[in-house]
Amino acid sequence: KAGVTQTPRYLIKTRGQQVTLSCSPISGHRSVSWYQQTPGQGLQFLFEYFSETQRNKGNFPGRFSGRQFSNSRSEMNVSTLELGDSALYLCASSFAGLSAAEAFFGQGTRLTVV
Amino acid sequence: AQRVTQPEKLLSVFKGAPVELKCNYSYSGSPELFWYVQYSRQRLQLLLRHISRESIKGFTADLNKGETSFHLKKPFAQEEDSAMYYCALSSPTSGSRLTFGEGTQLTVNP
């Protein structure tokens, strides 16, 4: 079965712009989590969506938001981009989000803010 | 607050040598501990979890609650083990949310 798919794979944006990233989970998975990966901070949890509802949230400013659609696909939006938002953004999907061991990761979207 | 610490950012060993990647955690409860691996240009994938007590690709990890550690070990490193390794923690109430350490880049030299 197809794995977790993230689009686009690469993005270059200018400071102050906004960006939307997409994550298509494995078929049948209803939970999607987002992480930011940077060399300095490592992997940090952004938020988790389950059945179109945000179920868990990390410690990121309100410029970072997300949503989930009825087909479980999720989008993440970052508004008013800052240079420090340059990172690899990973999403992970799981069937019910009850255990981290169920989670499968996508290949990520590399965002560069210039 | 939960926290995972991997003290070594870089670790270099020779093929056939034993390797140990250190992981310490802080959490006031009974967490679930994991090791994830990210090979070059590949996606992050689960290597092993403490509950299963499996040996995957020759790697083992034992949860030491007294020392709050979950070190990853392999008796004889192989070149294909070169990768970034992340220790991660999940709490019983956080579902699939993972708290990651900063990672250790392992290089196995021929």
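A brief structural summary. (Residues numbered from 1 in each chain as written. Chains lettered and ligands numbered in written order. Predicted model: local features only at pLDDT ≥ 70, side-chain atom pairs only at ≥ 80, totals over all residues. Heavy atoms only, no water.)

Focus: the sheet that holds strand β7 (residues 60–61) of chain B
Strand order in the open sheet formed by 3 strands is β3-β8-β7 (chain B), with antiparallel pairing between adjacent strands. Pairing within the sheet leaves two strands with one partner each, and these edge strands are β3 (19–21) and β7 of chain B. (Pairing = 2+ DSSP bridges. Helix = DSSP H or I, 4+ residues; strand = E, 2+ residues; numbered from the N terminus.)

So, the environment of A:Lys57
Of note, A:Lys57 is situated in strand β6 (residues 53–57). C-alpha separation for the pair A:Lys57 and A:Ser33, spaced 24 residues apart in sequence, amounts to 9.4 Å. Among residues more than four places away in sequence, those in contact with A:Lys57 are A:Phe45, A:Leu46, A:Phe47 and B:Arg97. (Contact = heavy atoms within 4.5 Å.)

Considering the interface of chain B and chain A
Contacts between the two partners involve 18 residues from chain B, matched on the other side by 23 residues from chain A. When the two sides are added together, the surface that chain B and chain A hide from each other amounts to roughly 1,700 Å², 49% of it contributed by carbon and sulfur. The largest per-residue losses of area from chain B upon contact with chain A belong to B:Arg43, B:Ser96 and B:Arg97, which jointly make up 39% of the total buried on that side. Inspection of the region where chain B meets chain A yields 0 salt bridges. Taken together, the connections running from chain B to chain A amount to 7 residue pairs in polar contact (both at pLDDT 80 or more). If you list the elements that add at least two residues to the side of chain B that touches chain A, you get β5 (32–38), β6 (45–49) and β9 (83–90) of chain B. For the side of chain B that touches chain A, the leading source of residues is β5(B), giving 4 residues. Of the residues that constitute the side of chain B that touches chain A, the class distribution is 7 nonpolar, 5 polar and 6 charged. (Buried area = accessible area lost by both parts, 1.4 Å probe. Salt bridge = Lys/Arg side-chain N within 4 Å of Asp/Glu carboxyl O. Polar contact = N/O pair within 3.5 Å; in protein donor to acceptor, adjacent residues only side chain to side chain. Nonpolar A, V, L, I, M, F, W, Y, C, P; charged D, E, K, R; others polar.)

Description of the side chain of A:Asn77
Residues and elements named next belong to chain A. Residue placement: asparagine 77 occurs in strand β8 (residues 74–78). For asparagine 77, a relative accessible area of 18% gives the class buried. Only 3.3 Å separates the side chain of asparagine 77 from the backbone oxygen of valine 19, close enough to count as a polar contact. Contact partners of asparagine 77, with chain neighbours within four places excluded, come to Gln18, Val19, Thr20, Arg63, Phe64 and Ser65. (Buried < 20%, exposed > 50% of the residue type's maximum accessible area, 1.4 Å probe, protein only.)

Focus: the nonpolar core
Membership of the largest hydrophobic core comes to 24 residues, with the highest contact counts inside it found for B:Trp35, B:Leu72 and B:Tyr85. Of all the secondary-structure elements, those providing two or more residues to this core are β2 (10–14), β3, β5, β6, β9 and β11 (104–109) of chain B. With 4 residues, the single largest contributor to this core is β9(B). If you look at the next biggest cluster of nonpolar residues, it comprises 21 residues, including A:Leu46, A:Phe60, A:Val78 and A:Tyr89. (Core = buried A, V, L, I, M, F, W, Y, C linked by side-chain atoms within 4.5 Å.)

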